[in-house]
Structure formats: structure tokens, C-alpha cells
Amino acid sequence: MATNFSFTDCSSKNATLKKRIIQYLIISCNSSIADIAKEMELSVPTVTKLVMELLEDGYILDSGKQNTNGGRKPNIYGLNPESGYFVGVDVQRKRVLLATIDFNGKLIDQNETVPYVLENTPEALEQLCSIIETYINNLPIERNKILQVGVNMSGRINSISGYSYSFFYFSERPLSQIIEDYIQIPVNLENDSRAMMYGEYMAGSVKGEKDILFININWGLGAGIITDGKLYYGKSGFSGEFGHISAFDNEIICRCGKKGCLETEASGYAIQRILLERHAQGSTTILSDKIKETGDITLNDFVDAVLKEDILAIEILEYVGHNLGRWIAGLINIFNPELVILGGPISQTQDYIRLPIKSAIRKYSLNLVNQDTNLIISKLGERAGLIGACFLSRGKVLDML
């Protein structure tokens, strides 16, 4: 079992102040005691005492004297990267991505990809636990130094209770607890779109913005929301179910069991259905051989066809982009974000998806609102959720201090 990451301090006030110092050093990387005291509006003697205790406990390091133009050179302090590690696990439809960061947020291993088929069966859950366990056992890190494992998946997930209601809801126990009992390390369970949003926020395309929407265009649709610099969860932790807005008067049954959801006309599943229908009707596409051979396509197949300027694929993407843009416009009217990030596999088509979405946003949202919203493509791409899982785990541990 991982060590209990807590401060050896009987004062809750001091523990809170130490937590603030660590959070400040995460942002600033290295600072002097004077700079920390100024930022936290505390006296230098108080900060000195707290820093010395953190130094003794091994959470921070003394980096030596700072080079200055004159006068007394202050000591510089930063986080000890070896004081704790955080594993991220991104469970996707056909694979599992895994990575580890140190306490400073630096990736300390090569990202690992393991083939995996996400199915709602006990056997698939057992295999997932085994994949995580094997990865941890192969890390060049003492096991008790891994403070938490972050696991993100698609669907309805309550990260506070640790329950997943879309996959592996087989017993009364939370999924996070089931995985934790298997690997004997604390587990944080998160929705994939929120994890992707947080990955972009911490290490991707966000440059100081505090009100952000992340649209995950995958087989389904999801949204990650940050308001005033904090992830928005909602009452039950189910915020961001963007794909299940009742958007169309059609007879297409969504994966959720209802008809007319946005996903039915603006998602990877919609793209797959429309492409196969159009092909069956005689439309030509460079994916014809793949369809005849397997009767199916992957999202990677579709993205590749778009980037090769396949006319049918581009037409379908423009249709999907228009539908998406219309409803993103509604979100912009509600949230008035500084930034909207398009992520997920379909975002890899770049401007082929961004431009029709942008056109629809201009058409359907209020000009006074959308003129302050920048629409961009995810910087982290397929690694967004993985990086987010790592950083969310670190954040959860800090919250528990």
C-alpha cells in the first residue's frame, strides 16, 4: 500500500499553509522565502518555519543561492520531484494508455499503449486491473512512492463516489474501490472528457484562460467545463453530457436509449452510420475497399480519408460540424467562455472540422458573446486524457492534505 501522504503537523492551520506553499511552487517552480511570503501575505519568519518543516519532511528541496546583481543572495526552494509519483490510465475503446509524472508534473517514463477492448464484462474489468498492475510493477519507482492512480473512462462517472454507471457497474462497490483493492494503491476515477479538459488546462493549449469548454468529439460526444479556473462537476458529478441533448426530431436510437440525441447526428457513431449508408447508396470514397473487406470503418480510417481530401468524407464532416457548431453556439451563449477547445479523434482533421463549427457558431450564437471566444484544436491530441489523469491524481492528493 502507498505511504500516507500527509504533513506531520498537529495544526490544521499550518497544514493548510503548507499545502498553499506546495501549490504555489507547482506554479512558480522555484521561489525564495521572501517571494513566497509576499505571494501568501505572510511574515517571513512564518514562511521560513513552514519551509524548513517541508524541507525536513522531504516535500521540497533547497536549490541553493539565487544569482542576483548585488546584496545578499537568497536561497531558492522548489518541489522535490521524488516525493511522490502519479500514474495516469486512459481507458479507450480499443486500447489503454498509461503514463507517470513526478511531483513536479514531469513525465518520467515513456507513454505506454496496451491493446484492449473496452467491453462491459467482468473479464474486461479483470484485464484492465491486470494491465494497470503490470505497468506499475515495471516502473523504476518504489511502489510506496506512487501516491495515486488516476483512471479515466467514457460515460457517466461520479468521481466523488468513485462509481461508473456506464461500464463495470456490477456490484455495490465503487469501481475506484474495486481497482484500488486489486492494485493496492489509491485510485481516482474520472470522466474522460473532464480529464482531457484538465490535461489541456495544465499542460496543453490553455494560456491563462479561466473559463473554458472542451468538446470531445469521439465515438460519442462529451464536454469538459472549467469555470473560474476550476473543473465544473455539477451536483452528481455528471456534468458535460453534451451528446445527450435532445437535438433532433429523428427516429435514431442513441446509445443511451433515447431518440434524437445530438450524438445521433454529430459524433463518431453518426459519421460511421452516414458513411456506410452513403456508400451503400452508391457514393464513392477511398474507404470503399475497407468497407467491402470488413463492413466497417474506424475513426482513424475516416480522419485519414478527410486528410487525403476524400470528397464524401469531407461532406459528412461538414454536416457533422454544422450540427455540432449549432449546439456549441448554445453553450457559448450560456457560459460565455474565453476558449473552446476541440479534442478527441475527429479533431485531428484540424480545420476540416473547426471551420464548419466556427461558421455555425457565428450563425447561431450572439455576436456580443462569441466575439470573445477563441475556437482552437487540442494541443495534446490523443494524450490529453492521459496527461489529465496524471495531473488530476496529483490535485486530488493535494486536496487531501
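Coordinates for the structure precede this section.
Criteria and cut-off values
- Residues numbered from 1 in each chain as written.
- Predicted model: local features only at pLDDT ≥ 70, side-chain atom pairs only at ≥ 80, totals over all residues.
- Heavy atoms only, no water.
- Buried < 20%, exposed > 50% of the residue type's maximum accessible area, 1.4 Å probe, protein only.
- Helix = DSSP H or I, 4+ residues; strand = E, 2+ residues; numbered from the N terminus.
- Pairing = 2+ DSSP bridges.
- Disulfide = S-S within 2.5 Å.
- Axes fitted to C-alpha atoms, helices over the stretch in contact; angles between N-to-C directions.
- Parallel < 35°, antiparallel > 145°, perpendicular 65-115°, else oblique.
- Contact = heavy atoms within 4.5 Å.
- Nonpolar A, V, L, I, M, F, W, Y, C, P; charged D, E, K, R; others polar.
- Phe/Tyr/Trp six-rings, centres within 6.5 Å; stacked < 30°, edge-to-face > 60°.
- Lys NZ or Arg CZ within 6 Å of the ring centre and 35° of its normal.
- Salt bridge = Lys/Arg side-chain N within 4 Å of Asp/Glu carboxyl O.
- Core = buried A, V, L, I, M, F, W, Y, C linked by side-chain atoms within 4.5 Å.
- Arc of directions from axis to C-beta.

**Observations concerning the pairing of strand β5 (residues 95-102)**
Of all eight residues making up β5, seven are buried, and the element is well covered by its neighbours. Pairing analysis gives seven bridges linking strand β4 (residues 85-91) to β5, with the strands arranged antiparallel. Note on β5: the bridge partner recorded for V87 is T100. The hairpin formed by β4 and β5 contains three residues between the paired strands. Here four bridges tie β5 to strand β6 (residues 112-115), and the two strands are oriented antiparallel to one another. Across the sheet, the residue bridging to R95 is P115, located in β6.

**A look at the state of the cysteines**
In protein structure, a disulfide is the covalent linkage between the sulfur atoms of two cysteines. All chains considered together, the criterion is met by zero disulfides. Cysteine C256 remains unbridged, with the sulfur of C261 as its closest cysteine sulfur at 3.6 Å. Judged by relative accessible area, C256 falls into the partly exposed class, the value being 31%. C390 takes part in no disulfide bond, and the closest cysteine sulfur to it belongs to C29, at a distance of 17 Å.

**Remarks on the packing of helix α9 (residues 299-307) against helix α10 (residues 311-335)**
For the pair α9 and α10, interaxial distance at closest approach is 8 Å and the crossing angle is 105 degrees. Relative to α10, the element α9 is oriented roughly perpendicular. On α10, the residues touching F302, A305 and V306 of α9 are A313, I314, I316 and L317. Split by residue class, the contact of α9 with α10 holds seven nonpolar, no polar and no charged.

**Observations concerning the sheet that holds strand β1 (residues 30-32)**
If you trace the three strands from one edge of the open sheet to the other, you get β1-β3-β2, paired in antiparallel fashion. Looking at which strands have only one partner, the edges of the open sheet turn out to be β1 and β2 (60-65). The average undirected angle you get between the axes of adjacent strands in this sheet is 35 degrees. In terms of strand pairing, β1 meets strand β3 (residues 75-79) through three bridges, oriented antiparallel.

**A word on the packing of aromatic side chains**
Counted under the stated rule, the structure contains nine aromatic pairs. Seen from their ring centres, F86 and F103 are 5.9 Å apart, and the 40 degrees between their planes marks the pair as tilted. Placement of F86 in strand β4 and of F103 in the loop between β5 and β6 is noted, with a sequence separation of 17 residues between them. A single burial state applies to F86 and to F103, both of which are buried. These aromatic residues form a ring-pair network of at least three members: Y163, Y165, Y169 and F238. When the ring centre of W219 is taken as reference, the NZ or CZ atom of R93 above it lies at 4.2 Å.

**Points about the pattern of salt bridges**
Taken as a whole, this structure holds 15 salt bridges when the rule is applied. A salt bridge links K49 to E53, with the shortest nitrogen-to-oxygen separation between them at 2.8 Å. Pair noted here: K49 and E53 are both in helix α3 (residues 44-57), with a separation of four residues, about one helical turn. Given the relative accessible area of 22%, E53 is considered partly exposed. Across the pair D301 and K290 runs a salt bridge whose closest N-O atoms are separated by 2.4 Å. Taken as a pair, D301 in helix α9 and K290 in helix α8 (residues 288-294) lie far apart in primary sequence, 11 residues in all.

**Details of the nonpolar core**
Counting 46 residues, the largest nonpolar core has I21, I36, V51, I60, M197, I212 and I341 as its most contacted members. The element contributing the most residues to this core is helix α13 (residues 384-400), with eight residues. Core analysis: the second largest hydrophobic core is formed by 41 residues, I225, A266, L312 and I361 among them.

**Observations regarding helix α2 (residues 33-40)**
Within α2 the residues assigned to the buried category are I33, I36, A37 and M40. Buried residues along α2 cover an arc of 100 degrees about the axis, so they all sit on one side. Positive phi appears at E41, one or two residues downstream of α2, with a value of about 55 degrees.

**Looking at the sheet that holds strand β11 (residues 212-217)**
With respect to topology, five strands assemble into an open sheet ordered β13-β12-β11-β14-β15, the strand pairing being mixed. At either margin of the open sheet sits one strand with a lone partner, and together these are β13 (230-231) and β15 (374-377). Contacts between α10 and the sheet are confined to β11, β12 (221-227) and β14 (339-343), with β11 contributing the most and set at about 160 degrees to the helix.

**Quick word on the side chain of Q148**
Secondary-structure assignment places Q148 in strand β7 (residues 146-153). Dropping the residues within four chain positions of it, Q148 is found in contact with Y85, F86, V87, I185, P186, V187, N188, S393, K396, V397 and M400.

**Topic: the environment of L25**
Summarising the element assignment, L25 is placed in helix α1 (residues 12-28). C-alpha separation for the pair L25 and T285, spaced 260 residues apart in sequence, amounts to 53 Å.

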